[in-house]
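So you can see what is in the structure, the chains are spelled out below.
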Amino acid sequence: MKHKISIFLSAIFLSVFLWAQTPTASFPYYYYDKTERSFDDYSSYLYGDYETIEDNSEHTIKMYKSGSTYYIWVRYKNGQAASEGDIKQTLKVNKDVAANLDSRLDSKQYQNMHVCIIFTDSNNQLICSAQYDD
C-alpha cells in the first residue's frame, strides 16, 4: 500500500513540475506544450508583414510584430520537427533571445517588449510555445 501511495505522489509531483513551468533565471520563459495550447491561440498574430530569419531544408523561422510583442514562428518542414526536449534545451541555451532580437531598440523600448516563440510541425500542429519573461 505504501508503495502505491509513493508512486501516486511521485506521479503528481512530476506532472505538476512538467506542467505549468514558470520562468527561472536559467529558463526565463512561460512554457506551454500542445496539451495546454494550440496553434489557433497564436495564428491571429501571424499575419501581415514579417521578416524571414531563416529558411532551410529543416525549418522556416519568421518574425512578426504585433504591438510590443514579437512572435517568432519556427515551422519545421517534412516531418523533421525537433522533439520537445530538444526545443527546451535550445531555449535554455539561447535564453537571451529577447535581448538580441532587435538591436535598434533602446533600453526603454526593450523593457516593454515581449517575445513569444511558437514551434509547429509542417502541418501547423503546435509542438510547444514559450513566452519570454524578462
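Using the criterion set out here, one finds six aromatic pairs in the structure. Above the plane of the ring of Y50 lies K62, whose end atom (NZ or CZ) is 4.4 Å from the centre.

Another point: the pairing of strand β6 (residues 126–132). Of all seven residues in β6, six are buried; the element is thus mostly enclosed. Pairing geometry for strand β1 (residues 29–33) and β6, over five bridges, is antiparallel. Along β6, the bridge assignment pairs D33 with C128. Taking the residues that link successive antiparallel strands as the turn, the strand β5 (residues 114–120)-β6 hairpin has five residues, and the phi of N124 there is positive, at about 60 degrees.

Moving on, we come to the sheet that holds β1. Taken in spatial order, the six strands of this open sheet run β1-β6-β5-β4-β3-β2, and their pairing is mixed. With one partner strand each, in any of the chains shown, β1 and β2 (50–55) form the two edges of the open sheet. Averaged over all pairs of adjacent strands, the angle between strand axes in this sheet comes to 15 degrees, irrespective of strand direction.

Turning to the side chain of S129, a few remarks are in order. Looking at the secondary structure, you find S129 in strand β6. The buried category is assigned to S129, whose relative accessible area is 0%. A polar contact is formed between the side chain of S129 and the side chain of Y42, at a distance of 2.6 Å. Apart from residues lying up to four places away in sequence, S129 is in contact with Y30, Y31, Y32, Y42, I117 and I118.

Our next topic: the pairing of β5. Counting buried positions along β5 gives six out of seven residues, so the element sits mostly inside the fold. Direction of pairing for strand β4 (residues 69–76) relative to β5: parallel, over a ladder of seven bridges. Paired with R75 across the strands is T120, a residue of β5. Note that β5 and β6 share six bridges and pair antiparallel. Paired with F119 across the two strands is C128, which belongs to β6.

With that out of the way, let us pick up the confidence of the model for the chain. With 72% of its residues at a pLDDT of 70 or more, the chain has an overall mean of 78. The spread of mean pLDDT over the elements of the chain runs between helix α1 (residues 2–18), the lowest at 44, and helix α2 (residues 40–43), the highest at 94. Residue range residues 1–6 is modelled with pLDDT below 50. Its contacts to residues more than four positions away, or to other chains, number zero contacts. Contacts from residues 8–19, a stretch scored under 50 in pLDDT, to residues over four places away or in other chains number one contact.

Quick look at the nonpolar core now. Within the largest apolar cluster, 19 residues are counted, with the highest numbers of intra-cluster contacts made by L91, I117 and F119. Put simply, the parts of the chain that give this core at least two residues each are β1, β3 (59–66), β4, α3 (84–93), β5 and β6. Ignoring anything within four residues of it in the chain, the contact list for F119 reads V74, Y76, I87, L91, Q125, L126, I127 and C128.

To continue, consider the pattern of salt bridges. Taken as a whole and assessed by the stated rule, the structure comprises one salt bridge. Across the salt bridge formed by K77 and D55, the nearest N and O atoms sit 2.6 Å from each other. Of the two residues, K77 is situated in the loop between β4 and α3 and D55 in strand β2; the sequence distance between them amounts to 22 residues.

Cut-off values and rules
- Residues numbered from 1 in each chain as written.
- Predicted model: local features only at pLDDT ≥ 70, side-chain atom pairs only at ≥ 80, totals over all residues.
- Heavy atoms only, no water.
- Phe/Tyr/Trp six-rings, centres within 6.5 Å; stacked < 30°, edge-to-face > 60°.
- Lys NZ or Arg CZ within 6 Å of the ring centre and 35° of its normal.
- Buried < 20%, exposed > 50% of the residue type's maximum accessible area, 1.4 Å probe, protein only.
- Helix = DSSP H or I, 4+ residues; strand = E, 2+ residues; numbered from the N terminus.
- Pairing = 2+ DSSP bridges.
- Axes fitted to C-alpha atoms, helices over the stretch in contact; angles between N-to-C directions.
- Polar contact = N/O pair within 3.5 Å; in protein donor to acceptor, adjacent residues only side chain to side chain.
- Contact = heavy atoms within 4.5 Å.
- pLDDT = per-residue confidence, 0-100.
- Core = buried A, V, L, I, M, F, W, Y, C linked by side-chain atoms within 4.5 Å.
- Salt bridge = Lys/Arg side-chain N within 4 Å of Asp/Glu carboxyl O.

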